[in-house]
Amino acid sequence: MNFLHFTGTGKKNDAPIAVFDSGVGGISVLRALIAEMPGEHYWYYGDSANAPYGTKCSEEVRELTTVHVDRFIAEGAKAVVVACNTATSAAVRLLRQKYPNVPIIGIEPAVKPAALSGNHPNVIVMATPMTIREQKFHNLMERYMNTAHIIPLPCPGLMEYIEHGDIHSVELEQFLERLFEPFDKGRLNAVVLGCTHYPFVERELRRVLGNGVQLFEGGPGTARETKRRLMEKGLLREEGKRGEVLFDNSEGSEEKRRLCGKLLRM
Ligand code: DGL
């Protein structure tokens, strides 16, 4: 990676923010980051060749994530956003210990705003099996146990639709219908999209859940937190500068690059 193709690089503030996910899902976070900080440079890296992460064991996800983050930092990224709930729960704590001087921002399912969205609401948290298994998620659920009725819903197989560019099809709709079949949708108040791939199927989810259910995603909160951390360290770019986005993917196909661009423009 050569950051010279990001204009204005040389000063630390002009270095890119690395945004990382197991695939294309983190683009939902990238979208929020650009809305919050349009003048920054972003190096988006998706590890699609090793996806999905959510059905692997935490040791493997921790190893993969660490290898990528080591590279981002060695190549000069000024901050790292782990735009993947699964990788965050497996690796972020250790990465912060390893790199105490680099802002490393993770993402977690937006349980808090969903739990506070009504009077003891019924909340379903969609996430990968690994995110739901991890202690980090159990702690989060426990914190809001008295505020809301929270039901974790592991969704193995869902990220693959988005990863293959299928965000609108009969098969996808049937998959989502089967997923929510055991629940009484009339009594459901909120659904948390606890995997960064899921916001891309929001339209299909709406079709299955109806309009009475509020949807929550973690991207905007993560973007605000990233801005706060960069500000704190004096690492934001000067206002008025133009930011650039570079898509990088372990799968390296032209098709994947095109899908990244399409998802960002959505
Ligand atoms: N996008 C990832 C997340 O936020 C997970 C997808 C996967 O299973 O790799 O959890």
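The preceding data block contains the structure.
Residues numbered from 1 in each chain as written. Predicted model: local features only at pLDDT ≥ 70, side-chain atom pairs only at ≥ 80, totals over all residues. Heavy atoms only, no water.

A. Highlighting empty space enclosed by the protein. Tallied over the full model, the rule gives 5 cavities of 30 Å³ or more. Residue lining of the largest cavity: Asn85, Thr88, Ser89, Ile107, Glu108, Pro109, Thr131, Lys136, Phe137 and Leu140, and that is the complete set. Elements with a minimum of two residues in the lining of the largest cavity: helix H3 (85-98) and helix H6 (135-143). For the lining of the largest cavity, the residue count by class is 4 nonpolar, 4 polar and 2 charged. (1 Å grid on protein atoms, 1.4 Å probe; cavity = no way out; pocket = protein on both sides within 12 Å on 5 of 7 lines; lining within 4 Å. Points joined across faces, edges and corners; volume = space filled by probe spheres on them. Helix = DSSP H or I, 4+ residues; strand = E, 2+ residues; numbered from the N terminus. Nonpolar A, V, L, I, M, F, W, Y, C, P; charged D, E, K, R; others polar.)

B. A look at the pairing of strand E1 (residues 17-21). Taken across its 5 residues, E1 has 5 buried, putting it largely inside the fold. Sheet analysis places E1 next to strand E2 (residues 42-46), joined by 5 bridges and oriented parallel. Residue pairing across strands places Val19 opposite Tyr44, the latter belonging to E2. Tracing the backbone out of E1, into helix H1 (residues 27-36) and back to the parallel element E2 gives a crossover that is right-handed. Pairing geometry for E1 and strand E3 (residues 79-82), over 4 bridges, is parallel. Bridge pairing in E3 links Val19 to Val81. (Buried < 20%, exposed > 50% of the residue type's maximum accessible area, 1.4 Å probe, protein only. Pairing = 2+ DSSP bridges. Right-handed = clockwise from strand over helix to strand, strands pointing away.)

C. The arrangement of the layout of surface pockets in detail. Approximately 480 Å³ is the volume attributed to the largest pocket. Lining the largest pocket are 25 residues, and of these Ile107, Glu108, Gly218, Gly221 and Thr222 lie nearest its centre. Secondary-structure elements contributing two or more residues to the lining of the largest pocket are H3, helix H4 (111-115), H6, strand E8 (214-217) and helix H10 (219-232). Looking at which element gives the most residues to the lining of the largest pocket, the answer is H10, with 6 residues. A class-by-class count of the residues in the lining of the largest pocket yields 11 nonpolar, 5 polar and 9 charged.

D. Looking closely at the sheet that holds E3. Here 5 strands make up an open sheet; going across it, the order is E4-E3-E1-E2-E9 and the pairing parallel. At either end of the open sheet lies a strand with only one pairing partner, and these are strand E4 (104-105) and strand E9 (245-249). Relative to E9, E2 is paired through 5 bridges, and the arrangement is parallel. What sits directly across from Tyr44, in E9, is Phe247. Across the sheet, helix H2 (residues 58-74) is in contact with E1, E2, E3, E4 and E9; its angle to E2 comes to roughly 155°. (Contact = heavy atoms within 4.5 Å. Axes fitted to C-alpha atoms, helices over the stretch in contact; angles between N-to-C directions.)

E. Quick peek at the sheet that holds strand E7 (residues 190-193). Spatial ordering of the open sheet is given by E6-E5-E7-E8, a layout of 4 strands whose pairing is parallel. Two strands close off the open sheet at either side, each with one partner strand: strand E6 (149-154) and E8. Strand-to-strand, the axes of this sheet are offset by a mean angle of 20°, without reference to chain direction. Where strand E5 (residues 122-127) lies against E7, 4 bridges are found, and the strand directions are parallel. In the strand pairing of E7, Val125 is matched with Val192.

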